[in-house]
Protein chains: 2
Amino acid sequence: MTPASTVSPQAAAVDRALSAFRFICGDEGVSLGEAVREQHGRDESVHRSGCRPPDVVVFPRCVEEVSALAKTCYKHNLPIIPFGTGTGLEGGVGALRGGVCFSLRNMDQILDLHPEDFDVTVEPAVTRKTLNSYLRDTGLWFPVDPGADASLCGMAATSASGTNAVRYGTMRENVINLEVVLADGTIVHTAGKGRRPRKTSAGYNLTNLFVGSEGTLGIITKTTLRLYGIPEATVSAVCSFSSVQAAVDSTVQILQAGVPIARIEFLDDVMMDACNRFSSLSYPVVPTLFLEFHGSERSLEEQVNITEEITQSNEGSDFQWARDAETRSRLWRARHDAWYAAQALRPGCKVSKASPPGVICFPVYVCVPLSRLPQIIVETKEDLMESRLTGPIAGHVGDGNFHCLMVVDPSDPDELHRVHLFTERLARRALAMDGTCTGEHGVGLGKRRLLCEELGPSGIQAMQKLKNALDPKNLMNPGKVLLQGER
Amino acid sequence: MTPASTVSPQAAAVDRALSAFRFICGDEGVSLGEAVREQHGRDESVHRSGCRPPDVVVFPRCVEEVSALAKTCYKHNLPIIPFGTGTGLEGGVGALRGGVCFSLRNMDQILDLHPEDFDVTVEPAVTRKTLNSYLRDTGLWFPVDPGADASLCGMAATSASGTNAVRYGTMRENVINLEVVLADGTIVHTAGKGRRPRKTSAGYNLTNLFVGSEGTLGIITKTTLRLYGIPEATVSAVCSFSSVQAAVDSTVQILQAGVPIARIEFLDDVMMDACNRFSSLSYPVVPTLFLEFHGSERSLEEQVNITEEITQSNEGSDFQWARDAETRSRLWRARHDAWYAAQALRPGCKVSKASPPGVICFPVYVCVPLSRLPQIIVETKEDLMESRLTGPIAGHVGDGNFHCLMVVDPSDPDELHRVHLFTERLARRALAMDGTCTGEHGVGLGKRRLLCEELGPSGIQAMQKLKNALDPKNLMNPGKVLLQGER
C-alpha cells in the first residue's frame, strides 16, 4: 500500500490517511499509480532536481471535499500540493517532500456569470480558453493571456500575466474575490462569500495576498474575475527596426503618448529567425515589434497613426498588417510558439511540440523599469555571445518584461554551468536596474535565493511571518517561494 | 511630566520613553501640549466616542527616526498611531488607548521622479495637490483624487480612491512600492529597496497588504506611485435625468460600450439642490450625472458622441458643457464641496467650511455591483424619507460606489438613533447585494462590526492572524479595522 519505496514516517502517515481520502473522494478519486504520480510531480519547467512525485494524488469534486482532504492532511502532517493544469514554469508543483497532490481537474464549472457587472466566477479546472469560448456570445472576454492554456485559478496562484498586461493588467488587477482552503481545511472567501464589488477598502487585501502565493498559503478553489467588452475592432501589425534601441525607444514613446496599446511584443533578430523558420513566416531578421490595437474603428485609426509616426521617427519599417482574424491569429500563434521555435534553432534537434529530444528549452526572464530596457537587452545579448549560449529574446516590452528562451543541451555540463552563471548575471543586472528577478511566472523553486536578494532580509522575514501565520505547520506546497523548511 | 490626568501604567511608560523620544527627534520633535495632542487625536469623521488624544506627539524627520521611535515604543509597549494630514473619514487616527502619535509632517520630500518610467517616490507629508503642482511641467500627473488634499502615504494606508477611479484605478492599482516601519522598528521595502518594476510576481504581495491596512500593520514612510500622462484634452459635462434608474442605466451602458470615461458622478435631486444653493449654480433639481472625458481631441469627440447617444436613449437632457479649465474646475469644486453644501441644507445653520455650528455632516457609503445600483439607490431614498432624515446622495457610480451625506443635529438623540439604524440598514442592503460596506475610506472605527458580517468568521480570523504575525504586541493603531484588543 505504501507508495514510496522506503517506509518513511511520511509513507506510514500517507497509509493511515488513505482510507479517509477514499471516504472523502471515493476510490476513483485517489490514485497511487506511478504514472499518475509522476505526471502530477512536474510542470513545464526544467526544475527537476530535488523533486519527487507526490505520494498520492487526490481528485476532489467540490470545495467541501478539498476542505475535508486538507483537514486529513493537517492531522497527519502531510504536505499539500495544489495542481491545476501543470503549465507552470517555475517548478511550483514539484513534490519536494512528497505528500498529497490535490488535482483540481474535477472542479470545472463556470459559475455566476454577471454580464452586466463584467464578472464571472470559475472553478480551478476552467482554463482561460474554455472561459473565453464560453463567453463568446456575451460580447465579453477575459484578456490575461500567458500563452499556455492555463487554469485561471492557477494563473491567480502564480500572478500570471502575458502579452495583454500592458493594457488590461495582470491577475493582480483582475481578480475580485477568491475562495481559498487553508492548510487546516478552513474555507476563506478573501472578499467575503459571493461578494464582487468593483472596489473595496474592507480590511486587509486578502485577495492580493493569495494572488501570487503559488499554493504556499492555501488552495484556490474559486476565482471571481473581472471581464472586459470584446473590442469593436482589432488590428495587429509588425514593424522592423535596425537596432534594439530603436525598437525599445519606440515602445517607450508609444506609451508616453498615451496610446492604449493592447499588445507590444519585442523579438530580437535571433528570435525572428527562429519564428520565421518554425512558423513559415518571412519577416526581416532584425529587432522587431509585434503590435496589437483594440478599440472602435475610429480610435484604432488614431492609435495606429500616432504609433506609425513614432516608429517612423525611430526609422522603423512600414507596418506589415494583420487585419483579419485568421492572419492575426497566425501572427500571435507564431509569438506564442516562440518556445518551440527556439528549440528548433539547435541543429540536429527534431522539432516537436510534444517533446523535442536532445535539447531543453526554458525561459530566463526579468522585468525592469521601461527606461532601462535598451541597456539591459543590449548587455544581455552581449553576455549571450560571450557565454556562447543560444537564447533568443522575446518580451512584453510595454511592461519592461522580457525572456531569453535558453536552448540548452542537458548532456553538456559545461553548457549547463554557463547557463546557470548567465541566468544569475541576468537577474542581478535587473536587480541593479531597480527591477525584479520575476515579473511573471512567480518564484517557485528556481528563484528563491534571488528573491532574498531582491527583497532583503526584512522583506523576506515579513513574508515568512505571513507564511507561518496562515500555514504554521508548513504543509502548503513546502519549499516553494521561501527557502524555509528546506534547509 | 505625565500627559494623562491619572498616572496609569501607560502614562508612566510614556514618561520613561520621553527622554529617548527627545534624544531621537530633538526637543522640538516631541510635544505634550494639550492643543497639539487634541489636534492629532481626531480626523474629519464623527467617530469621537472612546477616543482620547494621544499621550504624546512625535515629529520624526526621516525613516531612521521613525524606526528608532518605534523601537522605543515597542520596548515600552506604547501604542503607535501614524498621522498624515488627518483628513480621514473613519476615525483612523483616534488614540483609543492613548499612546504615541507619529506625526509625519516633517517628512515632506518628493524623491526619485522618473518621468520616462512614469513613477515617483514621495514621503508621508506630500499631499496629492503638492505632488501634482510639482509634476505640472513634466506632462505627468497622479490621478487618484479622494476630494480632500490628503497625504499620498495616508491615501495608500486607507486604500483611497475617488472620482477618477473608474478610469485610473484606486491606490491599490497605483502603488508600486512602499517603505514601511513595523511596530518593532524593522524597516521593510514591500517590493525591495528602490525597486519599481511595472509588474512583479516576486513572492507575496506585501505592497497590497499594507495598502489599506490603516496604520494597523506598520507606518508607511515612503510610497512609490505610478504616474500618467496629462491627457491632451479634457472636457466635462452635466446631464439631467427624470429618474435615478435612467441616470444609472446610462452609467452602466456607457461602461458597457467601453467608453474610457474619466469621471462619472451621480448626484440625486436633493444633492443637486444643495449644490446649486451652495455653489451658486442653476442646474435642474433632478437626478444628474457629472461627466469628464480625457483623451486626444479626436478620441474625446468619439467618447462624447457615444455617451450622448446613450444618455439620450435614456431621455437624459442635452449636455451642459464645461470645456475651459476654469468652468471645469468650478464644476468639480461644486462636486467636492458637496459635503459643505449638504450641511447648508439644514435650516438655521450658518454655513462655513471651517466648522458649521449646530449640525454635523458625515458620509455613509457603500459599494455594490453596478447592476444593483438603481435598486439600492431607490430603496435608500425611500428609507431616508421614511426615517425622516436628510441625506443627499452623491456617488462614484462608475464603480458602484455612493455616499449619503447625512446631515444631523447631534443634540437630538432620537435623530441620532434613527441615523444609526439607517446606516446599518444601508450597509446590510449593500451586503445582501454582493457588495461591500466600505468601497473607500476604509474600516477605521466605524465599520469594524460590519466588516465581520462582510467577511465572515474565517476571513476575519485570517486577517487577525496576519495582524498578529506582523504586530504581535498589538501596538500599531490598536482597535482599528479589527475588533481585537478592544473587548
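Residues numbered from 1 in each chain as written. Chains lettered and ligands numbered in written order. Predicted model: local features only at pLDDT ≥ 70, side-chain atom pairs only at ≥ 80, totals over all residues. Heavy atoms only, no water.

For chain A, an unreviewed UniProt entry supplies the name Probable D-lactate dehydrogenase, mitochondrial and the organism Oryzias latipes. Taken directly from UniProt, the Subcellular location (unreviewed entry) text for chain A runs: "Mitochondrion". Reading the Sequence similarities (unreviewed entry) entry of the UniProt record for chain A gives the comment "Belongs to the FAD-binding oxidoreductase/transferase type 4 family." (UniProt positions renumbered as here; feature names shortened; annotations may be inferred.)

(A) Quick look at the overall build of chain A. Within chain A, the regular secondary structure consists of 16 helices and 18 strands. Compactness check: chain A gives a C-alpha radius of gyration of 23 Å against a globular reference of 23 Å for 487 residues, within 12% of the reference. For chain A, the spread of C-alpha atoms along the three principal axes comes to 70 × 60 × 45 Å. Burial status across chain A gives 63% buried among its 487 residues. At a minimum sequence separation of 6, the contacts of chain A that also span at least 24 residues come to 70%. Of the roughly 17300 Å² of accessible surface on chain A, 50% is carried by carbon and sulfur atoms. Taking the 49 positively charged and 57 negatively charged side chains of chain A as two groups, their mean positions are separated by 6 Å. (Helix = DSSP H or I, 4+ residues; strand = E, 2+ residues; numbered from the N terminus. Rg over C-alpha atoms; globule rule 2.2 N^0.38 Å. Buried < 20%, exposed > 50% of the residue type's maximum accessible area, 1.4 Å probe, protein only. Contact = heavy atoms within 4.5 Å. Areas by Shrake-Rupley, 256 points an atom, 1.4 Å probe, with all protein chains shown as cover. Lys, Arg positive; Asp, Glu negative; His and termini not counted. Charge placed at Lys NZ, Arg CZ, Asp CG, Glu CD.)

(B) Representation of the nonpolar core within the structure. Of all hydrophobic cores here, the largest spans 86 residues; its most connected members are Leu131 and Met171 of chain A together with Leu131 and Met171 of chain B. If we ignore the near neighbours within four places in the chain, the residues touching Met171 of chain A are Phe142, Val144, Leu152, Met155, Ala156, Ser159, Ala160, Val211 and Leu225 of chain A. (Core = buried A, V, L, I, M, F, W, Y, C linked by side-chain atoms within 4.5 Å.)

(C) Looking closely at the sheet that holds strand S2 (residues 56-58) of chain A. Residues and elements named next belong to chain A. The sheet built from 4 strands is open, its strands ordered S1-S2-S4-S3 with mixed pairing. Because the sheet does not close on itself, it has two edges, and the strands there are strand S1 (30-31) and strand S3 (80-83). As defined by bridge partners, S3 adjoins strand S4 (residues 100-103) across 4 bridges and the pair is classed as parallel. Across the sheet, Pro82 pairs through a bridge with Phe102, a residue of S4. (Pairing = 2+ DSSP bridges.)

(D) A look at the sheet that holds strand S3 (residues 80-83) of chain B. All names here are of chain B. A sheet is described by the order of its strands in space; here 4 strands give the open sequence S1-S2-S4-S3, paired in mixed fashion. Two strands bound the open sheet, and with one partner strand each, they are strand S1 (30-31) and S3. As paired elements, S1 and strand S2 (residues 56-58) share 2 bridges and run antiparallel to each other. Following the sheet pairing, Val30 is matched in S2 by Val58. Its contacts with the sheet place helix H3 (residues 63-76) against S2, S3 and strand S4 (100-103), and it is angled at close to 175 degrees to S4. (Axes fitted to C-alpha atoms, helices over the stretch in contact; angles between N-to-C directions.)

(E) Spotlight on the relation of the copies chain A and chain B. Of the two same-sequence chains, chain A is brought onto chain B (RMSD 0.0 Å, axial shift 0.0 Å) by a rotation of 180 degrees. The superposition of one copy onto the other is thereby described by a two-fold rotation axis. (Least-squares fit on C-alpha atoms with pLDDT ≥ 70 in both.)

(F) Summary view of unusual backbone geometry. Residues and elements named next belong to chain A. At Asp434, a position not held by glycine, the phi torsion is positive, near 65 degrees. Relative to the helices and strands, Asp434 is located in the loop between helix H15 (413-432) and helix H16 (448-470). Backbone geometry at Asn477 places phi at a positive 40 degrees, although glycine is not the residue there. Relative to the elements of secondary structure, Asn477 occurs in the segment after H16.

(G) Summary view of the domain arrangement of chain A. Assigned domains of chain A: these are domain 1 (9-103), domain 2 (110-229) and domain 3 (233-341). Look at where the C-alpha atoms of domain 1 of chain A and domain 3 of chain A centre, and you get two points 43 Å apart. (Domains from an automatic or database assignment.)

(H) Layout of the interface of chain A and chain B. Contacts between chain A and chain B engage 82 residues on the former and 82 residues on the latter. Summed over both partners, the interface of chain A with chain B comes to about 6500 Å²; 55% of that surface belongs to carbon and sulfur atoms. Along the contact surface separating chain A from chain B lie 8 salt bridges. Note that Asp399 of chain A is salt-bridged to Lys199 of chain B, the shortest N-O span being 3.3 Å. Our count for the chain A to chain B interface comes out at 34 residue pairs in polar contact (both at pLDDT 80 or more). Counting residues per element, the side of chain A that touches chain B draws most heavily on H16 of chain A, at 13 residues. (Buried area = accessible area lost by both parts, 1.4 Å probe. Salt bridge = Lys/Arg side-chain N within 4 Å of Asp/Glu carboxyl O. Polar contact = N/O pair within 3.5 Å; in protein donor to acceptor, adjacent residues only side chain to side chain.)

(I) Seen up close, the packing of helix H1 (residues 9-25) of chain B against H3 of chain B. All names here are of chain B. The interhelical angle for the contact between H1 and H3, taken along N-to-C directions, is 165 degrees, at an axis separation of 10 Å. By the criterion of interaxial angle, the relationship of H1 to H3 is roughly antiparallel. Seen from above, H1 lies across H3 with right-handed handedness. Note on element contacts: H3 touches H1 through Glu65, Ala68, Leu69, Thr72, Cys73 and His76, opposite Ala13, Arg16, Ala17, Ala20, Phe21, Ile24 and Cys25. Its residues assigned to classes, the contact of H1 with H3 shows 9 nonpolar, 2 polar and 2 charged. (Parallel < 35°, antiparallel > 145°, perpendicular 65-115°, else oblique. Left-handed = near helix turned anticlockwise from the far one by under 90°. Nonpolar A, V, L, I, M, F, W, Y, C, P; charged D, E, K, R; others polar.)

(J) Region of interest: the environment of Cys367 of chain B. Structurally, Cys367 of chain B is set in strand S16 (residues 360-367). With 338 residues separating them along the chain, Cys367 of chain B and Gly29 of chain B place their C-alpha atoms 41 Å apart. Every residue in contact with Cys367 of chain B, bar those within four places of it in the chain, is listed here: Pro197, Arg198 and Lys199 of chain A together with Asp399, Gly400, Asn401, Gly435, Thr436 and Gly439 of chain B.

(K) Just the confidence of the model for chain A, in detail. Of all residues in chain A, 94% have pLDDT values of 70 or greater, and the mean over the chain is 91. Within the model, the stretch residues 349-356 of chain A combines pLDDT values under 50 with 14 contacts to residues more than four positions away or in other chains. (pLDDT = per-residue confidence, 0-100.)

(L) Structural context of the pattern of salt bridges. With the rule as written, the count across this model stands at 48 salt bridges over all chains. Close ionic contact of Asp145 of chain A with Arg128 of chain A constitutes a salt bridge, the shortest N to O distance being 3.1 Å. Residue Asp145 of chain A is found in the loop between strand S7 (140-141) and helix H5 (152-157), and its partner Arg128 of chain A is found in helix H4 (residues 128-135); the two are separated by 17 residues along the sequence. Arg128 of chain A carries the same exposure label as Asp145 of chain A, and that label is buried. As a salt-bridge pair, Arg298 of chain B and Glu301 of chain A come within 3.7 Å of each other at their nearest N and O atoms. Here Arg298 of chain B is found in helix H11 (residues 297-313), whereas its partner Glu301 of chain A is found in helix H11 (residues 297-313) on a different chain. Taken together, the salt bridges that share partners define one network made up of Asp117, Asp119 and Arg196 of chain A together with Asp434 of chain B.

(M) Spatial organisation of the side chain of Ser236 of chain B. Residue and element names in this part refer to chain B. One can find Ser236 in strand S12 (residues 233-240). A polar contact of 3.0 Å, which involves the side chain of Ser236, links it to the side chain of Trp332. Once residues within four sequence positions are removed from consideration, Ser236 is found in contact with Leu291, Glu292, Gln320, Trp321, Ala322, Arg328, Leu331 and Trp332.

(N) Structural context of helix H10 (residues 269-279) of chain A. Residues and elements named next belong to chain A. The set of residues buried in H10 consists of Met271, Met272, Ala274, Cys275, Asn276 and Ser279. Of the surrounding secondary structure, the elements contacted by the buried residues of H10 are strand S13 (263-267), strand S14 (288-295), helix H12 (325-336), helix H13 (338-343), strand S17 (393-396) and strand S18 (401-408). The first or second residue beyond H10 is Ser280, which carries a positive phi of 50 degrees.

(O) A look at helix H14 (residues 373-386) of chain A. All names here are of chain A. The first and last C-alpha atoms of H14 sit 20 Å apart over 14 residues, in line with the 20 Å expected at 1.5 Å per residue. Taken together, the buried positions of H14 are Leu373, Pro374, Ile376, Ile377, Thr380, Asp383 and Leu384. Lining the buried residues of H14 we find helix H9 (244-256), S13, strand S16 (360-367), S17, S18 and H15. Arg388 sits one or two residues past H14 and shows a positive phi near 50 degrees. (Expected span 1.5 Å × (residues − 1).)

(P) Representation of the packing of aromatic side chains. Going through the model one piece at a time under the given rule, you end up with 12 aromatic pairs over all chains. Ring centres 5.1 Å apart and planes at 75 degrees place the aromatic pair Tyr168 of chain A and Tyr228 of chain A in the edge-to-face group. In this pair, Tyr168 of chain A is assigned in helix H6 (residues 165-168) and Tyr228 of chain A in strand S11 (residues 228-229), connecting sequence segments 60 residues apart. The same class applies to Tyr168 of chain A as to Tyr228 of chain A, namely buried. A network of ring pairs unites the aromatic residues Trp141, Tyr168 and Tyr228 of chain A as a single cluster. Above the face of the Tyr365 of chain A ring, Lys447 of chain A is positioned so that its terminal group lies 3.6 Å from the ring centre. Lying over the aromatic face of Trp321 of chain B, Arg323 of chain B brings its terminal NZ or CZ to 4.4 Å of the ring centre. (Phe/Tyr/Trp six-rings, centres within 6.5 Å; stacked < 30°, edge-to-face > 60°. Lys NZ or Arg CZ within 6 Å of the ring centre and 35° of its normal.)

(Q) Just the environment of Met463 of chain B, in detail. Note on placement: Met463 of chain B falls in helix H16 (residues 448-470). Between the alpha carbons of Met463 of chain B and Leu482 of chain B there is a distance of 8.2 Å; along the sequence they are 19 residues apart. In this view, Met463 of chain B contacts Ala202, Gly203, Tyr204 and Leu206 of chain A together with Leu451, Leu455 and Leu482 of chain B; residues no more than four positions away in its chain are not counted.

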